[in-house]
Amino acid sequence: DLTVLTHDEAKAALRQCGRTVRLTVQRGRGPMPEAELYDFEVIELGKKPSRGFGFSIVGRTRDEGVLVSDIIRGGAAEGDGRLQPGDRLLELNGCNVRLLPHVEVATRLKAAQGRISMLVGRLKHVSAASRAKRRPGF
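Source: prediction; values computed, not measured.

Enquirer: I tried to follow the pairing of strand 3 (residues 66–71) on my own but got confused; where do I start?
Expert: Both strand 2 (residues 55–59) and strand 3 contribute to a ladder of five bridges, which runs antiparallel. When the bridges of strand 3 are listed, Phe55 appears paired with Ile71. Bridging between strand 3 and strand 4 (residues 88–92) involves two bridges; their strand directions are antiparallel. By the bridge assignment for strand 4, Leu67 is matched with Arg88.

Enquirer: Explanation requested: the confidence of the model for the protein in the structure shown.
Expert: Parts of the prediction with low pLDDT should not have their coordinates interpreted in detail. The pLDDT averaged across the protein works out to 84; a share of 87% of its residues lies at or above 70. In this model, residues 134–138 is a region of pLDDT below 50 whose contacts with residues beyond four sequence positions or in other chains number two contacts.

Enquirer: Help me out: how do you make sense of the nonpolar core in this one?
Expert: Most often, soluble globular proteins keep nonpolar side chains buried together rather than apart. Counting 19 residues, the largest nonpolar core has Phe55, Leu89, Leu109 and Met118 as the members making the most contacts within it. Those elements giving two or more residues to this core turn out to be strand 1 (38–46), strand 2, strand 3, strand 4, helix 4 (102–111) and strand 6 (115–123). What Leu89 contacts, discounting residues up to four positions off in sequence, is Phe55, Ile57, Val66, Val68, Val97, Val105, Leu109, Met118, Leu119 and Val120.

Conventions used here
The residue numbers shown here count from 1 along each chain, following its written sequence. It should be noted that, the model being predicted, local features are given only for residues of pLDDT at least 70 and side-chain atom pairs only at 80 or more, the latter also being counted only at that level, while totals for whole chains, interfaces and linings use all residues. Only hydrogens and water are set aside when side-chain values are computed; all heavy atoms of the structure are taken into account. Note: two strands are recorded as paired if DSSP finds a minimum of 2 bridges between them. Helix numbers and strand numbers start at the N terminus; a helix is a DSSP run of H or I with at least 4 residues, a strand a run of E with at least 2. Per-residue confidence from the prediction method is given by pLDDT, with values spanning 0 to 100. Between two residues, a contact is recorded if the distance between any of their heavy atoms is within 4.5 Å. Buried Ala, Val, Leu, Ile, Met, Phe, Trp, Tyr and Cys residues form a nonpolar core when they are joined through side-chain atoms within 4.5 Å. Note on exposure labels: buried denotes an accessible area under 20% of the residue type's maximum, exposed denotes more than 50%, and partly exposed covers the range between, all computed with a 1.4 Å probe on protein chains only.

In C-alpha cells:
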C-alpha cells in the first residue's frame, strides 16, 4: 500500500520491484477535502523594496491553483523560513485565490503594499517529511 508512504519512500519501493510492476489504481473517490490533503499555515511577510516577497509562483497545468515554485535567496520568504516550494497559495489577505489563474495571483502579489498574510496548504506527506528532517538525531 503506497498511500501511507512519502513520495521518496514510494519511489524507493517501486525501484525495488524489478523490471515489471503491477499496480492497482483506485479511482472514482472524487476530490479529497482540503483538510485531508493539506496542513495549513498562515504566513505573514513584509515586501522588501524592489525585491518583492522573496518567492516565485507557478500555475498548475492540469488542476486549479498556484504553487510556490522557488524561494529567492536573501528575500523575505527565506528570512522567515516557513514558506516552501510546493506550498499552495489558498488565500491572500483573507481573499480566496484557490481558483484564480496564475496571472491574477501574480498581479495581486505585485500590487500588494507592505505586509501580506497568506494561507498556504502544504501536502501532508511533505509536512511530515519536513518535520522529520528538522528533528535532532534523525
